[in-house]
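Here's the letter readout for the chains.
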Amino acid sequence: METNPKSTLIVTRRSPCQGGIAKSALDTVLAMAVFDQPVALLFQGEGVLQLLPDQATELLGRGSLSRQLESLPLYDIDSLFVDAPAARHYGLDLTLCALAISPLEDSQIRDLMLQHHTVLGF
Amino acid sequence: MILHTLSAAPGDSVYLDCLRFVGEEDALLLVGSGVYGALKGSASEAALLDCGARLFILSAHAEAAGVRNVSGLFTMLDMAGFVTLTEQYPRQLAWH
Amino acid sequence: MIYSLLVLSSPLAGSSARTAADFAGAVLARGHTLERVFFLDAGVQHGAVSRVLPQGEHNTLDEWLELRRTHSVELLLCVSSALRYGMLDENEATRHERGAATVHPAFTIAGLGQLVEAHQQSDRLVTFGG
């Protein structure tokens, strides 16, 4: 791979209930990390709902996004950000989140987008 | 500089979120259901005209949806124009 | 410039269904290189070999096949999404004992590493959602 790899920000915007798009976004984050590409992940809008603790997806016979999220640090994926206004909108207590995640306000989110070579919206 | 391609319908939360992050150096292209945002006299039209970015609309999609008499502040594009925009903007972010 | 496309939206997803294929054609018409189209999530349904559409409705498959035929554009379906959506080539159909292939042979089943590679090697990676 390139010596100066391009960096990517992945913006994940749907809840785990909205089909498989949230999983596809996470799979893409993991693939970039596995291939040593710089990658950051922003949970934006409804996407913050992926961070709800105690999701019992096995009750619906579905795979668990939470387990996959918890594995992110194992792949050295530590650039994790959350849409702070959206988190407030959904009444999310981010202190309950198992991941080390940085809340961002609107202007900071825009800055984050501009800091990366590529932004992929899921 | 970001090219935002907005295909979500004006009622969708993704549509509103897009407008939160659009800047004055950006371009915003309405495609798919996003073209409804340009309906004359609508609240979404007002929000778009206020967002500060260069505004574009894919003409074939607007015509297909019956979105006509669009404000002159939207530049109508064909597919070649869409490609040209992607040449000019190093980042493209799809809102869907 | 070298372009690659990431297609997330299904061919059934309204007017956006054609956008990626039409854009691909316009990229080539402007003299750029279109290296790879990577289909992920619902986008893998673009590879379906047996869709039957009512008279007058456009089948995007024809456009993809034309791009493959005339410009050797790589059409890749993400393996995990493809399996979930029942998009199986001969190998996968045999491996999972599913009878006939459901994917047109112009499409290749591939891993996300191919998307990562496309991102690094292309000047532009354009995403198409619903």
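Coordinates for the structure precede this section.
Values in this document were obtained by computation on a predicted structure and should not be read as measured data.

Describing the overall build of chain A
Okay, step 1: Within chain A, the secondary structure is distributed over 4 helices and 5 strands.
Okay, step 2: The linear arrangement of helices and strands in chain A, starting from the amino end, is β-α-β-α-β-α-β-α-β.
Okay, step 3: Taken over C-alpha atoms, the radius of gyration comes to 14 Å for chain A, in line with the 14 Å a tight globule of 122 residues would show.
Okay, step 4: Expressed as lengths along the three principal axes of its C-alpha atoms, the size of chain A is roughly 45 × 30 × 25 Å.
Okay, step 5: When each of the 122 residues of chain A is scored for burial, the buried share is 42%.

Notes on the interface of chain C and chain B
Okay, step 1: In this assembly, 18 residues from chain C lie in contact with 15 residues from chain B.
Okay, step 2: Broken down by secondary-structure element, the contributors of at least two residues to the side of chain C that touches chain B are helix H1 (16-29) and strand S5 (124-128) of chain C.
Okay, step 3: It is H1 of chain C that contributes the most residues to the side of chain C that touches chain B, 7 residues altogether.
Okay, step 4: Taken together, the residues of the side of chain C that touches chain B sort by class into 7 nonpolar, 8 polar and 3 charged.

Quick look at the packing of H1 of chain C against helix H2 (residues 60-71) of chain C
Residue and element names in this part refer to chain C.
Okay, step 1: Look at H1 against H2: their axes get within 9 Å of each other, and the N-to-C directions meet at 25°. With respect to H2, the axis of H1 lies roughly parallel. Judged by the twist between their axes, the crossing of H1 over H2 is left-handed. For the pair H1 and H2, contact is made by Ala17, Arg18, Ala21, Ala24, Gly25 and Leu28 and by Thr60, Glu63, Trp64, Leu67 and His71, respectively.
Okay, step 2: A class-by-class count of the residues in the contact of H1 with H2 yields 6 nonpolar, 3 polar and 2 charged.

Quick look at the sheet that holds strand S3 (residues 54-58) of chain B
All names here are of chain B.
Okay, step 1: With parallel pairing, the 5 strands of this open sheet are ordered in space as S4-S3-S2-S1-S5. On the outer flanks of this sheet lie strand S4 (74-77) and strand S5 (91-95), each paired with one strand and no other. Adjacent strand axes in the sheet meet at a mean angle of 25°, parallel and antiparallel pairs treated alike.
Okay, step 2: In terms of strand pairing, strand S1 (residues 2-6) meets S5 through 5 bridges, oriented parallel. Bridge pairing in S5 links His4 to Leu93.
Okay, step 3: Where helix H4 (residues 79-88) meets the sheet, its contacts fall on S1, strand S2 (27-30), S3, S4 and S5, and the angle it forms with S2 comes to roughly 155°.

Brief notes about the interface of chain A and chain B
Okay, step 1: Each side of the interface is counted separately: chain A has 11 residues, and chain B has 11 residues.
Okay, step 2: Mapped by element, the contributors of at least two residues to the side of chain A that touches chain B are helix H4 (106-115) and strand S5 (118-121) of chain A.
Okay, step 3: Across the side of chain A that touches chain B, the residue classes tally to 3 nonpolar, 4 polar and 4 charged.

What about the environment of Gly66 of chain B?
Residue and element names in this part refer to chain B.
Okay, step 1: Here Gly66 shows up in the loop between helix H3 (59-65) and S4.
Okay, step 2: Given 9 C-beta atoms within a 10 Å radius, Gly66 is considered exposed.
Okay, step 3: With 29 residues separating them in the primary sequence, Gly66 and Trp95 have C-alpha atoms 22 Å apart.

Observations concerning the environment of Tyr90 of chain A
Residues and elements named next belong to chain A.
Okay, step 1: Position of Tyr90 relative to the elements: it lies in the loop between helix H3 (84-89) and strand S4 (102-104).
Okay, step 2: According to the C-beta neighbour criterion, Tyr90 is partly exposed, with 15 such atoms within 10 Å.
Okay, step 3: Sequence spacing of Tyr90 and Gly45 is 45 residues, and the spatial spacing of their C-alpha atoms is 9.4 Å.
Okay, step 4: Those residues in contact with Tyr90 that sit more than four places away from it in its chain are Val48 and Leu49.

Digging into H2 of chain C
Residues and elements named next belong to chain C.
Okay, step 1: Over its 12 residues, H2 runs 16 Å from end to end, which matches the ideal 16 Å to within 8%, given 1.5 Å per residue.
Okay, step 2: Listing the buried residues of H2 in full gives Thr60, Leu61, Trp64 and Leu67. Buried residues along H2 cover an arc of 125° about the axis, so they all sit on one side. In this structure, H2 carries Asp62, Arg69 and Thr70 as exposed residues pointing more than 90 degrees from its buried face.
Okay, step 3: Where H2 is buried, its residues meet H1 and strand S3 (74-78).
Okay, step 4: Positive phi shows up at Ser72, right after H2, with a value of about 55°.

Cut-offs and rules
- Residues numbered from 1 in each chain as written.
- Chains lettered and ligands numbered in written order.
- Predicted model: local features only at pLDDT ≥ 70, side-chain atom pairs only at ≥ 80, totals over all residues.
- Helix = DSSP H or I, 4+ residues; strand = E, 2+ residues; numbered from the N terminus.
- Rg over C-alpha atoms; globule rule 2.2 N^0.38 Å.
- Buried ≥ 20, exposed ≤ 12 C-beta atoms within 10 Å, placed from the backbone.
- Contact = placed C-beta atoms within 7 Å.
- Nonpolar A, V, L, I, M, F, W, Y, C, P; charged D, E, K, R; others polar.
- Axes fitted to C-alpha atoms, helices over the stretch in contact; angles between N-to-C directions.
- Parallel < 35°, antiparallel > 145°, perpendicular 65-115°, else oblique.
- Left-handed = near helix turned anticlockwise from the far one by under 90°.
- Pairing = 2+ DSSP bridges.
- Expected span 1.5 Å × (residues − 1).
- Arc of directions from axis to C-beta.

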